[in-house]
Amino acid sequence: MLYREAGQFKTSYGADSQIFPIRQDRIGMALLLAVAFIVVPLTGSEYWFSAILIPFLVFALAAMGLNVLTGYAGQLSLGSAAFMAVGAYAAYNFQLRIEGIPLVLSFILAGCCAAAVGVLFGLPSLRIKGFYLAVATLAAQFFVVWVLTKFAWFSNDSSSGVISTPKMDFFGIAINSPVKKYVFVLGIVCVMAWLAKNMARSSTGRAWMAVRDMDVAAEVIGIPLMKTKLLAFAVSSFYCGVAGALYAFCYLGSVEPDGFSLDLSFRILFMVIIGGVGSILGSFLGSAFILLLPIFLDQVLPPLAALLHLPFTNASVSHIQLMIFGGLIIFFLIVEPHGLARLWQITKEKLRLWPFPH
Amino acid sequence: MQFFFEVAISGLLSGLMYSLVALGFVLIYKASGVFNFAQGAMVYFAALAVVGLMDQGLPMWAAIIGAFVIMLILGLATERFVLRKLVNQPAITLFMATIGLSFFLEGLGPLLFGGEVRAINLGIVDEPIAAIMDGIGIGISKFDLFASGMVAALVLLLALFFQKTKVGRALRAVADDHQAALSLGIPLQHIWAVVWGVAGFVALVAGLLWGSRNGVQFALTMTALKALPVLILGGFTSIPGAIVGGLIIGASEKLAEIYIPPVLQDLFGGNFGGIEGWFPYVFALLFLLVRPEGLFGERHIDRV
């Protein structure tokens, strides 16, 4: 009853093309943002900020990056962690080597560096696609991590390539507590999600989707393939780069190149698949799901095993976790290829029709 | 010069081991068009099954047969519960499903058979053969020679299977054209089951060889990652390609590991080991730009 668009007439093009055309969505979004920006910082505990909320936002941003590439432009990438690494190390170096550079500017520049690397490794996509491209992005994954480990310049001559992030301040406000970090990350993620959403529904996004759905047809109708694909790589890597910088600066505080492993790339890919391929909302849902599932399993599995009198070790938790991740991927690919985001969409459609299902 | 040959030969021999994993990829790709990322996990799983069954007190030959049966069941289950449901989906979806499968197996294996590192002893020692060592002064390990013998035997066996048996012919028919094979009355699903069974068998052989050389451990799953550049180089659909690709990748990565770091060290200073980790990929990538279908691959390829 509450969620119904009847009576909401669009009288201008502006009203017709806004992001949330239904008034209830707009109110809901405003409420959500108010909660995220005001209520949560006032009420949340330090553990929640540093162990759950900040990584959730950072991974959501990285998943958004991969979603632009895989979900919208249809190019598979297994190297997202490498682009995150580029972003993290670039931001560190900009902070280190340029006196008084604003934090946000260094993040933007770090994103640009990641975008450049992304375009470089995206070049093969002009000639190849599918699995071949996956191998090309794997090359980026291994090569970037190796370079960051072996060339000590990137980590300011730290022997093992570990970087500790310097003090951060945002236009004079020191970002030193988990709450401040959370609000800072939230702000960046909101702006970038808004940009991504608009990109996806503009001509850029339509060009990506055309290339994804059928590249030959896209070229026939005049979409420049090369530009479109490389732009997708650039935007995707930019997002991953900023996510990497946030990962290093606001989440961990100190990272090493090996932290950006293939495993991290896979986790981000899983977030995209489970959350919803080709959906900005899906990136958030997937990130929350992949992040919360291990915590949930840690809580649930040991008592369950005790109940059934099964032998149980910490190793089995991680094995079962792997199995559940793998099983869920297959499950979602078979049953709901558009992921959690699609489930949400179905709920909304049902609500619109409620209480009459037809 | 002798050192160069020694490095090259050891590289070639370890490359044969990559070929073994790559063969599993090629078999499945040829017959079903699925790029099976889980091949490395299957190698790990098979090796774990062997040591797991031996832990239960079975003799080695029985454990190997038992592991083979397990791999067959696994292949059938994969076909039944994953692939059959994803028929007609884009290839990239199937690829992601096999990533899921690989995670599933990586969790299931240690859960069933225990995750600690164990050794498989095939009874072949990893030491240079004295006669060759004395004759031309190049050390060739007995184990490497044995492994390459196994690979050769396996390839011969597969070639016979594909060329001489009825099932083999049906497999090739399916590989050429699913629809035409179906309309000739070849049951596609049986064929896929056979293919997964064969791939499981190849994974078992690879698992035994890799496991007895490096111990049965999680790192075995990484063999799949080494096999990817081999495939790119050799072509996705070619068994000889997998062999030749493996040899080239094996030799070139060992040579790169020996000869490139000193050059970098002169230029920049510091330690630059570990080139092995990415060299095959970059090499395959550059090759891809020149010849996208690989050395022996079919010329038909998704070009854009």
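Residues numbered from 1 in each chain as written. Chains lettered and ligands numbered in written order. Predicted model: local features only at pLDDT ≥ 70, side-chain atom pairs only at ≥ 80, totals over all residues. Heavy atoms only, no water.

### Digging into the overall build of chain A
Now for step 1: Each helix and strand in chain A was counted, giving 14 helices and 4 strands.
Now for step 2: Computed over the C-alpha atoms, the radius of gyration of chain A is 21 Å, within 12% of the 21 Å expected from 2.2 N^0.38 for a compact globule of 358 residues.
Now for step 3: Each principal axis of the C-alpha distribution contributes one length, and for chain A these read about 65 × 60 × 45 Å.
Now for step 4: Long-range pairs, those at least 24 residues apart, make up 75% of the contacts in chain A between residues at least 6 apart in sequence.
Now for step 5: Both charge centroids of chain A, one from 22 positive and one from 16 negative side chains, sit 8 Å from each other. (Helix = DSSP H or I, 4+ residues; strand = E, 2+ residues; numbered from the N terminus. Rg over C-alpha atoms; globule rule 2.2 N^0.38 Å. Contact = heavy atoms within 4.5 Å. Lys, Arg positive; Asp, Glu negative; His and termini not counted. Charge placed at Lys NZ, Arg CZ, Asp CG, Glu CD.)

### Thoughts on the overall build of chain B
Now for step 1: Broken down by element type, chain B carries 12 helices and 0 strands.
Now for step 2: In chain B, the succession of helices and strands from N to C terminus is α-α-α-α-α-α-α-α-α-α-α-α.
Now for step 3: Taking 19 Å as the expected radius of gyration for a compact globule of 304 residues, we find that chain B reaches 20 Å, a close match to that expectation.
Now for step 4: Taken along the three principal axes of its C-alpha coordinates, chain B extends 60 × 55 × 35 Å.
Now for step 5: Per-residue burial for chain B yields a buried fraction of 53% across its 304 residues.
Now for step 6: At a minimum sequence separation of 6, the contacts of chain B that also span at least 24 residues come to 73%.
Now for step 7: Accessible surface, chain B as shown: approximately 12,900 Å² in total, 67% of it carbon and sulfur.
Now for step 8: Averaged over its 16 positive side-chain charges, chain B has a centre that lies 13 Å from the centre of its 18 negative ones. (Buried < 20%, exposed > 50% of the residue type's maximum accessible area, 1.4 Å probe, protein only. Areas by Shrake-Rupley, 256 points an atom, 1.4 Å probe, with all protein chains shown as cover.)

### Examining the packing of helix α6 (residues 131-150) of chain A against helix α12 (residues 279-290) of chain B
Now for step 1: The interhelical angle for the contact between α6 of chain A and α12 of chain B, taken along N-to-C directions, is 140 degrees, at an axis separation of 9 Å. Between α6 of chain A and α12 of chain B, the crossing angle belongs to the class labelled oblique. The interaxial crossing formed by α6 of chain A with α12 of chain B has left-handed handedness. Residues Y132, V135, A136, L138, A139, F142 and F143 of chain A of α6 of chain A touch α12 of chain B, and the partners they reach there are Y281, V282, L285 and L288 of chain B. (Axes fitted to C-alpha atoms, helices over the stretch in contact; angles between N-to-C directions. Parallel < 35°, antiparallel > 145°, perpendicular 65-115°, else oblique. Left-handed = near helix turned anticlockwise from the far one by under 90°.)

### Brief notes about the nonpolar core
Now for step 1: Residues L246 and F260 of chain A together with L228 of chain B are the most contacted members of the largest nonpolar core, which totals 199 residues.
Now for step 2: Here this core gets 16 residues from one element, more than from any other, and that element is helix α3 (residues 46-72) of chain A.
Now for step 3: Beyond its immediate stretch of four places on either side in the chain, L246 of chain A contacts V58, L61, F107, F184, V185, I188 and Y251 of chain A. (Core = buried A, V, L, I, M, F, W, Y, C linked by side-chain atoms within 4.5 Å.)

### A word on the interface of chain B and chain A
Now for step 1: Every contact between the two is made by 47 residues of chain B and, on the other side, 41 residues of chain A.
Now for step 2: The junction of chain B with chain A conceals about 4,200 Å² of combined surface from both sides, 83% of it contributed by carbon and sulfur atoms.
Now for step 3: One can count 0 salt bridges joining chain B with chain A.
Now for step 4: Counting across the chain B and chain A interface gives 0 residue pairs in polar contact (both at pLDDT 80 or more).
Now for step 5: Secondary structure elements with two or more residues in the side of chain B that touches chain A: α3 (60-83), α4 (91-113), α10 (222-234), α11 (239-268) and α12 of chain B.
Now for step 6: Sorting elements by how many residues they give to the side of chain B that touches chain A places α4 of chain B first, with 16 residues. (Buried area = accessible area lost by both parts, 1.4 Å probe. Salt bridge = Lys/Arg side-chain N within 4 Å of Asp/Glu carboxyl O. Polar contact = N/O pair within 3.5 Å; in protein donor to acceptor, adjacent residues only side chain to side chain.)

### A few points about the packing of helix α5 (residues 103-122) of chain A against helix α10 (residues 225-252) of chain A
All names here are of chain A.
Now for step 1: One can describe the packing of α5 onto α10 by two numbers: an axis separation of 7 Å at closest approach and a directional angle of 135 degrees. In terms of orientation, α5 and α10 fall into the oblique class. Considering how the two elements wind past one another, α5 and α10 form a crossing that is right-handed. Between α5, through L103, F107, I108, G111, C112, A114, A115, G118, V119 and G122, and α10, the contact on the second element is made entirely by L230, F233, A234, S237, F238, G241, V242, A245, L246 and F249.
Now for step 2: For the contact of α5 with α10, the residue count by class is 15 nonpolar, 5 polar and no charged. (Nonpolar A, V, L, I, M, F, W, Y, C, P; charged D, E, K, R; others polar.)

### A closer look at the packing of aromatic side chains
Now for step 1: Per the stated rule, a full pass over the model turns up 33 aromatic pairs over all chains.
Now for step 2: Geometrically, the ring pair formed by F143 of chain B and F146 of chain B is tilted, given 6.5 Å between the ring centres and 55 degrees between the ring planes. Of this pair, F143 of chain B and F146 of chain B are both found in helix α6 (residues 142-164), 3 residues apart, which corresponds to roughly one turn of the helix.
Now for step 3: F146 of chain B sits in the partly exposed class, given a relative accessible area of 30%.
Now for step 4: Here the aromatic rings of W278 of chain B and F279 of chain B are separated by 6.4 Å at their centres, their planes lie at 55 degrees, and the arrangement is tilted. Considered together, W278 of chain B and F279 of chain B belong to a single accessibility category, that of buried residues.
Now for step 5: The cationic tip of R97 of chain A hangs over the ring face of W153 of chain A; the distance from NZ or CZ to the ring centre is 4.1 Å.
Now for step 6: The aromatic ring of F81 of chain B is capped on one face by R80 of chain B, whose charged end is 5.7 Å from the ring centroid. (Phe/Tyr/Trp six-rings, centres within 6.5 Å; stacked < 30°, edge-to-face > 60°. Lys NZ or Arg CZ within 6 Å of the ring centre and 35° of its normal.)

### Quick word on the pattern of salt bridges
Residue and element names in this part refer to chain B.
Now for step 1: Enumeration according to the criterion identifies 7 salt bridges over all chains in this entry.
Now for step 2: Across the pair E79 and R84 runs a salt bridge whose closest N-O atoms are separated by 3.1 Å.
Now for step 3: E253 serves as the salt-bridge partner of K254, at 3.5 Å between the closest nitrogen and oxygen.
Now for step 4: Judged by its relative accessible area of 0%, E253 is buried.
Now for step 5: A network of salt bridges, in which partner residues are shared, links K226, E253, K254 and E276.

### Some thoughts on the state of the cysteines
Disulfide: a covalent bond connecting the sulfur atoms of a pair of cysteines.
Now for step 1: As enumerated under the stated definition, the model contains 0 disulfides over all chains in all.
Now for step 2: The closest cysteine sulfur to the non-disulfide-bonded C250 of chain A is located on C190 of chain A, 14 Å from its own sulfur. (Disulfide = S-S within 2.5 Å.)

### A few points about α10 of chain A
All names here are of chain A.
Now for step 1: With 28 residues, α10 should reach 40 Å at 1.5 Å per residue; the first-to-last C-alpha distance of 38 Å fits that figure.
Now for step 2: Its maximal kink placed at L246, α10 deviates by approximately 30 degrees.
Now for step 3: Counting buried positions along α10 yields 22 of 28 residues, so the element is predominantly enclosed.
Now for step 4: Downstream of α10 by one or two residues, G253 has phi in the positive range, about 85 degrees. (Expected span 1.5 Å × (residues − 1). Bend = angle between axes of the 7 residues up to and from the residue.)

### Some points on the side chain of S80 of chain A
Residues and elements named next belong to chain A.
Now for step 1: Residue placement: S80 occurs in helix α4 (residues 80-97).
Now for step 2: Accessibility expressed as a relative area gives 1% for S80, which makes it buried.
Now for step 3: Those residues in contact with S80, other than ones at most four positions away along the chain, are L66, C240, S265 and I268.

### Regarding the confidence of the model for chain B
Residue and element names in this part refer to chain B.
Now for step 1: Of all residues in chain B, 91% attain a pLDDT of 70 or more, and the chain-wide mean is 83.
Now for step 2: Mean pLDDT across the elements of chain B ranges from a minimum in helix α5 (residues 130-136), with 65, to a maximum in helix α2 (residues 39-55), with 91.
Now for step 3: Across the interface, the model reports ipTM at 0.85; the global pTM reads 0.89. (pLDDT = per-residue confidence, 0-100.)

### Let's talk about the environment of T98 of chain B
All names here are of chain B.
Now for step 1: Tracing the backbone through its elements, the reader meets T98 in helix α4.
Now for step 2: Judged by relative accessible area, which is 3%, T98 ranks as buried.
Now for step 3: As a C-alpha pair, T98 and V263 span 165 residues in sequence and 40 Å in three-dimensional space.
Now for step 4: Residue contacts for T98: discarding those within four places in its chain leaves V34, F35, N36, F37 and A38.
Now for step 5: From its side chain, T98 meets the backbone nitrogen of F37 in a polar contact 3.1 Å long.
Now for step 6: Within the structure, T98 has its side chain in polar contact with the backbone oxygen of F95 (distance 2.6 Å).

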